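# Structural overview for review
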Protein chains: 2
Amino acid sequence: MSEKTPALRRDAEHNRQRTLAAAQEVFAARGLQATLNDVAHHARLGVGTVYRRFPNKEALAEAVYAGKLDDIRATAQAALAGRDAYEALRAFLEHALEQAATDRGLRELIRQGTGDSEQIARARQGIVESCGHLIARAQEQGTMRDDITVDDIAPIVAMIDSVMDLPSTGAARPWRRYLALILDGLRTSAAHPGPRSS
Amino acid sequence: MSEKTPALRRDAEHNRQRTLAAAQEVFAARGLQATLNDVAHHARLGVGTVYRRFPNKEALAEAVYAGKLDDIRATAQAALAGRDAYEALRAFLEHALEQAATDRGLRELIRQGTGDSEQIARARQGIVESCGHLIARAQEQGTMRDDITVDDIAPIVAMIDSVMDLPSTGAARPWRRYLALILDGLRTSAAHPGPRSS
DNA sequence: ACCTAAGTGGATATGAAGTATCCGCTTATG
DNA sequence: CATAAGCGGATACTTCATATCCACTTAGGT
């Protein structure tokens, strides 16, 4: 490790944590377009203090989300161990989207396919890879339509995301309903219920 | 009609049309966030000329889209005449989303539930109303799940919209595929294919 | 042809927002 | 207690969109 991290003064380290915590909250609530000034104020720190530790918003966002995203990647990989691949995929998507549901910043990070750091790109790639395996296996198991591919995952996630962004009518979380609807549509049996009724 | 429209000079009227046409194109391609300067330049007119006819971007957008949206409303109303309500709804949604697919500005206008002019609000309301009738009738005809309501329409449209915004991989238009998938899920027969296989 | 009100262009004033720096003051720590 | 590290937050910079202004051009009536 050639990286030198000169060890922060105790108060400085404390403020670093405050900054991260505040960023977490602010990004979750208002999205990545929140300003570092917002974050600093929320942490009850001066702007300068924040800029001293994180050169810019991107760096801060990465510090906040790299771990979270890698957790998701790990969950996806763990899902590979499941017997029923379709169910494993379903459970994984529900878990991942659950995270997204409560964190607008995460949602925006996932959505923008472009310009993410190496660390985040790697997580993204790992997730896609695991989903690919699950899809292939579900198809072998005969539980998923053969015309589904990995490329369907991103659109599906995008679709559910978009429901989350909607000014929801009830206090409910209708995204689960739609996720179920869509995933149901991916099942073999539902592909086309059959010929016209008459 | 107490409205006085003092009749424009011929060249002025011509430029007004150019402005509308340019706005149409620019909004369709780059969305409503395009500036009036963009529009003016695209029409090969000075900015001042555009501002002379349209006090601001909102007014221009309304002039461009009021008609388009009302056409969609009319289509929805016409769909009420169809025998098969489910099929009529499906056809209407496909038609309306076809419009949206080629016009980013229209998409943004549809998405933002807030702050639209009276004219546009009326169209929106009419569309929702017709969809409501179609849903109710399809349920009477036994072709649609009973737990679907009008409130499901907006999320479904939002979901398909989000697919359109995606940096599409192939040159294809994958939104039709997902619309079909979702609508299939609304059918009675697909509600739940049945008990577990074993 | 000529007059004048209507129209035109586009440089530019205005304003809003976000980013990032600077530097006088404070505080941890050996 | 010396001093390097850290802090705060006013503010300089940018960027970008909106909207205006006014010297100049032109349609169209007489």
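Residues numbered from 1 in each chain as written. Chains lettered and ligands numbered in written order. Predicted model: local features only at pLDDT ≥ 70, side-chain atom pairs only at ≥ 80, totals over all residues. Heavy atoms only, no water.

Further remarks concern the overall build of chain A. A tally of regular secondary structure across chain A gives nine helices and zero strands. Considered along the principal axes of its C-alpha atoms, chain A spans approximately 75 × 45 × 25 Å. Expressed as a percentage of its 198 residues, the buried residues of chain A come to 40%. A fraction of 69% describes how many contacts in chain A between residues 6 or more apart in sequence connect residues 24 or more apart. Of the roughly 11200 Å² of accessible surface on chain A, a fraction of 51% belongs to carbon and sulfur atoms. Taking the 26 positively charged and 26 negatively charged side chains of chain A as two groups, their mean positions are separated by 7 Å. (Helix = DSSP H or I, 4+ residues; strand = E, 2+ residues; numbered from the N terminus. Buried < 20%, exposed > 50% of the residue type's maximum accessible area, 1.4 Å probe, protein only. Contact = heavy atoms within 4.5 Å. Areas by Shrake-Rupley, 256 points an atom, 1.4 Å probe, with all protein chains shown as cover. Lys, Arg positive; Asp, Glu negative; His and termini not counted. Charge placed at Lys NZ, Arg CZ, Asp CG, Glu CD.)

For the rest of this paragraph, the subject is the protein's contact with DNA strand C. Contacts to DNA strand C come from 21 residues, most closely from Arg10 of chain A together with Arg9, Asn15, Thr49 and Arg52 of chain B. Arg10 of chain A has a polar backbone atom sitting 3.0 Å from a phosphate oxygen of DNA strand C. Note that a phosphate oxygen of DNA strand C is positioned 2.2 Å from one of the side-chain N or O atoms of Asn15 of chain B. Taken together, the elements giving at least two residues each to the surface near DNA strand C come down to helix H1 (10–30) and helix H2 (36–42) of chain A together with helix H1 (10–30) and helix H3 (47–53) of chain B. Counting residues per element, the surface near DNA strand C draws most heavily on H3 of chain B, at five residues. (Near = heavy atom within 4 Å. Polar contact = N/O pair within 3.5 Å; in protein donor to acceptor, adjacent residues only side chain to side chain.)

This next bit is on the UniProt feature "domain: HTH tetR-type" (unreviewed entry) in chain A. Under the UniProt annotation, the feature "domain: HTH tetR-type" (unreviewed entry) is placed at residues 13–72 of chain A. Spanning residues 13–72 of chain A, this segment combines 80% helix with 0% strand, and its end C-alpha atoms are found 27 Å apart. (UniProt positions renumbered as here; feature names shortened; annotations may be inferred.)

Residue and element names in this part refer to chain A. We note that Arg44 has phi near 55°; this positive angle belongs to a residue other than glycine. Tracing the backbone shows Arg44 in the loop between H2 and helix H3 (47–53). For Arg44, a relative accessible area of 73% gives the class exposed.

Turning next to the nonpolar core. Within the largest apolar cluster, 112 residues are counted, with the highest numbers of intra-cluster contacts made by Phe27, Leu60 and Phe92 of chain A together with Phe27, Leu60 and Phe92 of chain B. Other than its neighbours up to four places away in sequence, Phe27 of chain B contacts Leu32, Ala34, Val39, Lys57, Leu60, Ala61, Tyr65, Asp103, Arg104 and Gly105 of chain B. (Core = buried A, V, L, I, M, F, W, Y, C linked by side-chain atoms within 4.5 Å.)

It is worth spelling out the confidence of the model for chain A at this point. Residue and element names in this part refer to chain A. Across chain A, pLDDT averages 92, with 92% of residues at or above 70. The least confident element of chain A is helix H6 (residues 104–111), whose mean pLDDT is 95; the most confident is helix H5 (residues 85–101), at 98. Every residue in residues 190–198 is under pLDDT 50, and counting partners more than four places away or in other chains gives eight contacts. (pLDDT = per-residue confidence, 0-100.)

Tallied over the entire structure, the rule returns two aromatic pairs over all chains. Here Phe27 of chain A and Tyr65 of chain A contribute two aromatic rings whose centre-to-centre distance is 6.4 Å and whose plane-to-plane angle is 25°, an arrangement assigned as stacked. In this pair, Phe27 of chain A sits in helix H1 while Tyr65 of chain A sits in helix H4 (residues 57–79), placing the two residues 38 residues apart along the sequence. Note on Phe27 of chain A: relative accessible area 0%, which makes it buried. Since its relative accessible area comes to 0%, Tyr65 of chain A is described here as buried. The cationic tip of Arg177 of chain A hangs over the ring face of Tyr178 of chain A; the distance from NZ or CZ to the ring centre is 5.9 Å. It is Arg187 of chain B that lies over the ring of Tyr86 of chain B; its NZ or CZ is 4.2 Å from the centre. (Phe/Tyr/Trp six-rings, centres within 6.5 Å; stacked < 30°, edge-to-face > 60°. Lys NZ or Arg CZ within 6 Å of the ring centre and 35° of its normal.)

Quick look at the interface of chain A and chain B now. Contact with chain A, which involves 25 residues of that partner, is made by 25 residues of chain B. Carbon and sulfur atoms supply 64% of the area that chain A and chain B bury against each other, a total of about 2000 Å² over both sides. At the junction of chain A and chain B, the tally comes to four salt bridges. Taking the shortest distance from any N to any O, the salt bridge between Arg177 of chain B and Asp152 of chain A comes out at 2.7 Å. Summed over the shared surface of chain A and chain B, the number is eight residue pairs in polar contact (both at pLDDT 80 or more). Within the residue set of the side of chain A that touches chain B, elements represented by two or more residues are helix H8 (153–165) and helix H9 (175–186) of chain A. Class assignment of the residues belonging to the side of chain A that touches chain B gives a composition of 15 nonpolar, four polar and six charged. (Buried area = accessible area lost by both parts, 1.4 Å probe. Salt bridge = Lys/Arg side-chain N within 4 Å of Asp/Glu carboxyl O. Nonpolar A, V, L, I, M, F, W, Y, C, P; charged D, E, K, R; others polar.)

What follows is about the relation of the copies chain A and chain B. Copy one and copy two of the chain differ by a rotation about a common axis and a shift along it. Superposing chain A onto chain B takes a rotation of 180° plus a shift of 0.0 Å along the axis, which leaves an RMSD of 0.0 Å. On this basis, the relationship between the two copies can be described by a two-fold rotation axis. For chain A, the minimum C-alpha distance to the rotation axis belongs to Met159 of chain A and amounts to 2.2 Å. (Least-squares fit on C-alpha atoms with pLDDT ≥ 70 in both.)

Glancing now at the domain arrangement of chain A. Residues and elements named next belong to chain A. When its domains are assigned, chain A resolves into domain 1 (1–55) and domain 2 (65–190). Domain 1 and domain 2 are separated by 30 Å when their C-alpha centres are compared. With eight residues of domain 1 at the contact, the number on the domain 2 side is eight residues. Buried area between domain 1 and domain 2, both sides added, is near 550 Å², and the carbon and sulfur share of it is 51%. Considering only the side of domain 1, the residues that lose the most area to domain 2 are Gln24, Ala28 and Leu32, jointly responsible for 66% of the buried surface there. The tally of links between domain 1 and domain 2 comes to zero salt bridges. Tallied by class, residues from the side of domain 1 that touches domain 2 come to four nonpolar, three polar and one charged. (Domains from an automatic or database assignment.)

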